[in-house]
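# Structural overview for review
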Amino acid sequence: MDNTYLIEKDFKNLLKEQSAYQEAIALAQWDLRTKIPENGIEQRSEIIGFLSEKSHQLETSEKMKYFIDLLKDNTNDEIMIKTVAECEEKYNRNRKIPHNEYKEYVMLQSKSEAIWQEARKKSDFALFQPYLEKLVEYNKRFAAYWGYEDNIYDALLHNYEPGVTTKELDDIFPQLKNSLSSLLERINLSNYKPDPTVLKGHFPKRNQENFSMEVLRQMEYDFTSGRLDETVHPFAIALNKHDVRITTRYDEQDFRVAVFGTIHEGGHALYEQNINQDLVNTPLATGTSMGIHESQSLFWENFVGRSKAYWETYYDLFKTFAPSHYQQIPFDDFYRAVNEVKSSFIRIEADELTYPLHIMIRYELEKALINDEIKVKDLPHLWNEKMVDYLGVRPTSDREGVLQDIHWAGGDFGYFPSYALGYMYAAQLKEALNKEMNLDKLITTGKFTKIKQWLSDNIHHYGKMKKPLEIIEDVTHEKLNSDYLVNYLTAKYTDIYKL
């Protein structure tokens, strides 16, 4: 029997062992964020730390190095070539982090998320501050271990959006901000504004949950390979491609929180559920970057779920779940109210136009933290000042200000830019799809199968076989271009606000 075959078989067994640890960690994290009793948090954090240390040891072991050296120039299988390359990059980066530091950090992440939930509930940043200070210090230390050329933040950004640099973000974000701020100013001056009060009123959580389930079914989310649960901060998590779980949050005074949150997380889940089966139990069996992942969730949430075509098709269905006062709302009033532009405090509840501005605030703050330009203790004040500068509103509490996102509690520094990048990617992908088929027509005929298949064929199927910018260029035949997002938002809100 060919010796290379035996080596590849042993290597795959090592990867399968690592996948087993990662699945156990994901399950523990899902439980920690959704179902765990308060007194179980401490021990669960320790268990996650223990499992993460074991996974880290496998990822950076001499055994892993042995297989990398043997296979990287001795295999013709494309998946194996990409797998070895991915393992080599992780080995080279993560072996620089001592095992004990990695374990301590993972335990801190778990505890910090629990403390963040308590601090958010009490609207008390001081409770969370010492944990966040430690997380920032760990991230700076890890960034120094990994190394960087121009900006220390690049080392963290690479974890979520390989190929993109801080310099590139600092070039493109101000341009996007100027375009969106100008459009926002025109909208604020419009005399033809939607009436958001038509959406006010009690909307029972059970009814919202039932409609959310129906929305996911229409998207062709596979419930035999997933589930929908409730949590403080919505997320999707893939234990494996056959177990991809979604969470959402219900607000009985505003159904939009749950509906659009569910569609958003459903977009993430469709990505993971439709990755090539041949990639299972390899590090390629996930999204290629958080920006591309966000492009999928934002594609479904905004270009499908917030479109006029979507609500023209599903408004009658929606009303079967909605309270009685919704039965009398004319469609145009409903659609315009759903798409109201209004500067708000909460990112995940923001409209399409102001959403990227929320991201830029977070990007600037965390970049400044990592570069030692600001201190953690000053975040509440600086956050509020940037909200005034970017959106013209000032949070009245830590809950609606600096404590609203879970990302920093999880140590996810470098993550936030992927939301804005994902939105730009999504607009560019929408333009490419429209060259092959009419998106709005597909939505009005309820044919989500073709939309899902196009996304799967061009993006989902590849997992991490392609780099993020490679996917964008292969599908759209050009580099990242923010004009598509600006043009989309301008056209949509010119119509809604009669600009």
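As annotated in an unreviewed UniProt entry, the protein carries the name Metal-dependent carboxypeptidase and is attributed to Virgibacillus tibetensis. UniProt, in the comment section headed Catalytic activity (unreviewed entry), describes the protein in these words: "Release of a C-terminal amino acid with broad specificity, except for -Pro." Note on the protein: under the UniProt heading Function (unreviewed entry), the record states "Broad specificity carboxypetidase that releases amino acids sequentially from the C-terminus, including neutral, aromatic, polar and basic residues."

Next up on the list: the domain arrangement of the protein. By the assigned domains, the protein splits into domain 1 (2-95) and domain 2 (166-200 + 271-307 + 320-497). Using only C-alpha atoms to locate each centre, domain 1 and domain 2 end up separated by 31 Å. Residue-level contacts link twelve residues of domain 1 with ten residues of domain 2. Of the roughly 960 Å² buried between domain 1 and domain 2 on both sides combined, carbon and sulfur atoms contribute 62%. Interface area lost by domain 1 to domain 2 is led by Ile79, Lys82 and Glu86, which between them contribute 50%. Here domain 1 is connected to domain 2 by one salt bridge. Across the pair Lys464 and Glu86 runs a salt bridge, and its minimum N-O distance is 2.9 Å. Among the elements of the structure, helix H1 (3-34) and helix H4 (78-94) are those that each provide at least two residues to the side of domain 1 that touches domain 2.

Okay, the nonpolar core next. Core analysis: the biggest nonpolar cluster contains 133 residues, and Phe318, Phe334 and Leu379 have the highest contact counts within it. With eleven residues, helix H16 (residues 417-436) is the single largest residue contributor to this core. Counting residues in each nonpolar core, the second largest holds 13 residues, with Phe11, Met64, Leu71 and Val84 among its members.

On to the sheet that holds strand S2 (residues 236-240). Taken in spatial order, the three strands make up an open sheet running S1-S3-S2, and their pairing is mixed. Only two strands of the sheet have a single partner each, and these edge strands are strand S1 (226-230) and S2. In this sheet, adjacent strand axes meet at a mean angle of 20° when their direction is disregarded. Bridge count between S1 and strand S3 (residues 243-248): five bridges; the pairing is parallel. Looking at the pairing, Gly226 lines up with Val244 of S3.

Mapping Asp405 onto the fold places it in the loop between helix H15 (379-391) and H16. On the basis of relative accessibility, which here comes to 7%, the residue Asp405 falls in the buried class. There is a polar contact of 3.0 Å between the side chain of Asp405 and the side chain of Arg347.

Turning our attention to the packing of helix H11 (residues 290-304) against helix H18 (residues 448-458). Direction vectors running N to C along H11 and H18 enclose 150°, while the axes themselves pass 12 Å from each other. Judged on the interaxial angle alone, H18 and H11 are roughly antiparallel. You can see that H11 and H18 cross each other, and the crossing is right-handed. On the side of H11, the interface is formed by Gln296, Phe299, Trp300 and Val304, while H18 contributes Phe448, Ile451, Lys452 and Leu455. Here the residues of the contact of H11 with H18 are counted per class, giving six nonpolar, one polar and one charged.

Moving on: helix H6 (residues 125-146). Over its 22 residues, H6 runs 30 Å from end to end, which matches the ideal 32 Å to within 8%, given 1.5 Å per residue. Considering bend angle alone, the principal kink of H6 is centred on Tyr131 and spans about 30°. Looking at the buried positions of H6, the neighbouring elements they touch are H4, helix H5 (99-122), helix H7 (152-157), helix H14 (355-370) and H15. Downstream of H6 by one or two residues, Gly147 has phi in the positive range, about 90°.

Orientation of helix H8 (residues 166-189) relative to H14, taken along the N-to-C sense of each, is 145°, at an axis distance of 10 Å. In this structure, H8 meets H14 at a crossing whose hand is left-handed. Taken together, the residues of H14 that come into contact with H8 (itself represented by Thr166, Leu169, Asp170, Phe173, Leu176, Lys177, Leu180, Ser181 and Leu184) are Pro356, Leu357, Met360, Tyr363 and Lys367. Considering only residue class, the contact of H8 with H14 consists of nine nonpolar, two polar and three charged.

Below, the discussion takes up the pairing of S2. The pairing of S2 with S3 spans four bridges and is classified as antiparallel. Its bridge partner being in S3, Asn240 is matched across the sheet by Asp243. What sits between S2 and S3 in their antiparallel hairpin is a turn of two residues.

Applying the stated criterion across every chain yields a total of 46 aromatic pairs. Aromatic pair Tyr221 and Phe223: ring centres 4.9 Å apart, planes at 85°, arrangement edge-to-face. In this structure, Arg141 is placed above the aromatic ring of Tyr138, and the distance from its NZ or CZ to the ring centre is 4.7 Å. Here the guanidinium or amino end of Lys430 rests over the ring plane of Phe303, the centre of that ring lying 5.9 Å away.

What follows deals with the pattern of salt bridges. Evaluated as defined, the whole model comprises 33 salt bridges. One salt bridge connects Asp171 with Lys167, and the closest N-O pair in it is separated by 3.6 Å. Here Asp171 and its partner Lys167 are both found in helix H8, four residues apart, which amounts to about one turn of the helix. Judged by relative accessible area, Asp171 falls into the partly exposed class, the value being 43%. Overall, Lys167 belongs to the exposed group, its relative accessible area being 59%. The network of salt bridges with shared partners includes Lys35, Arg227 and Asp229.

Right, let's get into unusual backbone geometry. With a phi close to 70°, Glu220 is a non-glycine residue in the positive phi region. Examined against the element boundaries, Glu220 turns out to sit in the loop between helix H9 (205-219) and S1.

This part takes up H9. Given a rise of 1.5 Å per residue, 15 residues ought to cover 21 Å, and the 21 Å separating the end C-alpha atoms of H9 matches this to within 8%. Within the span of H9, buried status applies to Gln208, Phe211, Ser212, Glu214, Val215, Leu216 and Met219. Directly after H9, the chain includes Glu220, whose backbone phi takes a positive value near 70°.

Rules of the game
- Residues numbered from 1 in each chain as written.
- Predicted model: local features only at pLDDT ≥ 70, side-chain atom pairs only at ≥ 80, totals over all residues.
- Heavy atoms only, no water.
- UniProt positions renumbered as here; feature names shortened; annotations may be inferred.
- Domains from an automatic or database assignment.
- Contact = heavy atoms within 4.5 Å.
- Buried area = accessible area lost by both parts, 1.4 Å probe.
- Salt bridge = Lys/Arg side-chain N within 4 Å of Asp/Glu carboxyl O.
- Helix = DSSP H or I, 4+ residues; strand = E, 2+ residues; numbered from the N terminus.
- Core = buried A, V, L, I, M, F, W, Y, C linked by side-chain atoms within 4.5 Å.
- Buried < 20%, exposed > 50% of the residue type's maximum accessible area, 1.4 Å probe, protein only.
- Pairing = 2+ DSSP bridges.
- Axes fitted to C-alpha atoms, helices over the stretch in contact; angles between N-to-C directions.
- Polar contact = N/O pair within 3.5 Å; in protein donor to acceptor, adjacent residues only side chain to side chain.
- Parallel < 35°, antiparallel > 145°, perpendicular 65-115°, else oblique.
- Left-handed = near helix turned anticlockwise from the far one by under 90°.
- Nonpolar A, V, L, I, M, F, W, Y, C, P; charged D, E, K, R; others polar.
- Expected span 1.5 Å × (residues − 1).
- Bend = angle between axes of the 7 residues up to and from the residue.
- Phe/Tyr/Trp six-rings, centres within 6.5 Å; stacked < 30°, edge-to-face > 60°.
- Lys NZ or Arg CZ within 6 Å of the ring centre and 35° of its normal.

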